[in-house]
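Each chain, letter by letter, is given below.
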Amino acid sequence: MTQKSPDGAIPETGQINKLIHEPARLNIMACLFVIESADFLFLTRQTGLTDGNLSSHMAKLEDVGYIQIKKDFVGKKPRTMLSLTEQGRTEFQLYRANIAKLLGALPDD
Amino acid sequence: MSQTINLKEIERKAFTSYFQDGFWELMLGLVLLQIAGGRVLEYFGLSDYWGAGIAFLGVLLMVVGKKTITVPRMGRVNFGPARKRRLMKVTLILSISVAFSLIGYLITISSSNIEMDRLTFPILFAVNAIVVFAIMAYFMDFDRLYFYGVLIGISMLVGKIWYISTGYYFAMSIVFGTSSLSLIVIGSVLLYRFISAYPLPAAQSEEMAR
């Protein structure tokens, strides 16, 4: 998704991961980055996204291998747990670094 | 969607969202009610087991409430290693606190100086409550616990000083009863607000999760 920029080099805007950069997905990725895993309901509560919206963004993130979705049962109730994959975690860290470098290079005024 | 991305704050917000339900306040309120009820039970010749039962009810209410009210409304989450380490520290601190209280109590009842007995344990209890609740508040990012620690500590000191200076039999019951009632009211209001803010999700929520 993203080309790795050399250490210290300011990334070009084209190098910013557009899949993560979309605000709703950035919110989902950031939320999953700081925890181990969460269910669908917890993510809707934390991100403020609707069920349908979250579901469609989850599908996109799952397709590129950034998140994994595990289904199991708690008693008789189905439970869907979501977590970042190693690739998703790496891509998010890279995205953070690129954004910080890119915006950090801007003059103050 | 317009909030800034602060990862520490996101993690803190996710963790503390579980404290919006008021169950901690209800549990602490019922535990304080046990202390408040001590003299009342004694007055009516009832066993201390009734008081212990009230405190147990508080713990049970929190465990069952979290499972049946909070989690179905808030969702389920497993926090990362850093948060788990912080929670381990809280468990350790609570264990030390219980041991400290027990030792303090044993020292007090084995002391031959009656006047010292009357003040030593309340002071130890108050300091222990304030310090332990402050440490728990810090590690759990649960700011209200700072206030509750001070409330419990002050209640013990005020109740004991009132009792020593006037000899009024129900001094401790009135002070702890007031603190207990305050916590139960706060807990009830928080629980009502939590249930209103987070209704049970529609059945299709899980189905939407592909």
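Higher on the page you've got the structure.
Owing to the predicted nature of the structure, the values given are computational and were not obtained by experimental measurement. (Residues numbered from 1 in each chain as written. Chains lettered and ligands numbered in written order. Predicted model: local features only at pLDDT ≥ 70, side-chain atom pairs only at ≥ 80, totals over all residues. Heavy atoms only, no water.)

Asks: Could you clarify how one ought to interpret the pattern of salt bridges in this entry?
Replies: Two side chains with opposite charge may pair up if their charged atoms get near one another. This model, assessed by the stated rule, comprises eight salt bridges over all chains. A salt bridge links Glu36(A) to Lys84(B); its shortest N-O distance comes to 3.1 Å. Remark: Lys84(B) occurs in helix H4 (residues 81-110) and Glu36(A) occurs in strand E1 (residues 35-39); the pair is interchain, linking two chains. Among the residues examined, Glu36(A) registers a relative accessible area of 37% and is labelled partly exposed. Look at Lys84(B) and you get partly exposed, because its relative accessible area is 39%. With its nearest N and O atoms 2.8 Å apart, the salt bridge here joins Glu11(B) to Arg83(B). With Glu11(B) in helix H1 (residues 7-16) and Arg83(B) in helix H4, this pair connects stretches of sequence that are 72 residues apart. With relative accessibility at 3%, the residue Arg83(B) sits in the buried group. (Salt bridge = Lys/Arg side-chain N within 4 Å of Asp/Glu carboxyl O. Helix = DSSP H or I, 4+ residues; strand = E, 2+ residues; numbered from the N terminus. Buried < 20%, exposed > 50% of the residue type's maximum accessible area, 1.4 Å probe, protein only.)

Asks: How should the pairing of strand E2 (residues 67-74) of chain A be read in this particular structure?
Replies: Where a strand is regular, its side chains alternate between the two sheet faces. Residue and element names in this part refer to chain A. Strand direction decides the pairing type here: E2 and strand E3 (residues 77-84), joined by eight bridges, are antiparallel. Residue pairing in the sheet places Val-74 in a bridge with Lys-77 of E3. Where E2 folds back onto E3 in an antiparallel hairpin, the turn is made up of two residues, including Gly-75, whose phi is positive at roughly 70°. (Pairing = 2+ DSSP bridges.)

Asks: Is there a simple way to think about the packing of helix H2 (residues 23-43) of chain B against helix H6 (residues 144-166) of chain B in this case?
Replies: Packed helices, taken two at a time, are described by their axes: the angle between them and the distance between them. Residues and elements named next belong to chain B. At a closest axis distance of 12 Å, the pairing of H2 and H6 adopts a crossing angle of 10°. Accordingly, the angle class assigned to the pair H2 and H6 is roughly parallel. Seen from H2, the contacting residues are Trp-24, Glu-25, Leu-28, Leu-32 and Arg-39; seen from H6, they are Arg-144, Leu-145, Tyr-148, Ile-152 and Tyr-163. (Axes fitted to C-alpha atoms, helices over the stretch in contact; angles between N-to-C directions. Parallel < 35°, antiparallel > 145°, perpendicular 65-115°, else oblique. Contact = heavy atoms within 4.5 Å.)

Asks: Would you mind going over the packing of H2(B) against helix H7 (residues 171-197) of chain B with me for this structure?
Replies: All names here are of chain B. Two numbers describe how H2 lies on H7: the axes approach to 7 Å, and their chain directions differ by 160°. Considered as vectors, H2 and H7 are oriented roughly antiparallel to each other. As for the relative orientation of H2 and H7, their crossing is left-handed in sense. Its residues assigned to classes, the contact of H2 with H7 comprises 16 nonpolar, seven polar and two charged. (Left-handed = near helix turned anticlockwise from the far one by under 90°. Nonpolar A, V, L, I, M, F, W, Y, C, P; charged D, E, K, R; others polar.)

From the geometry alone we can't say anything about function, so treat these as descriptive.
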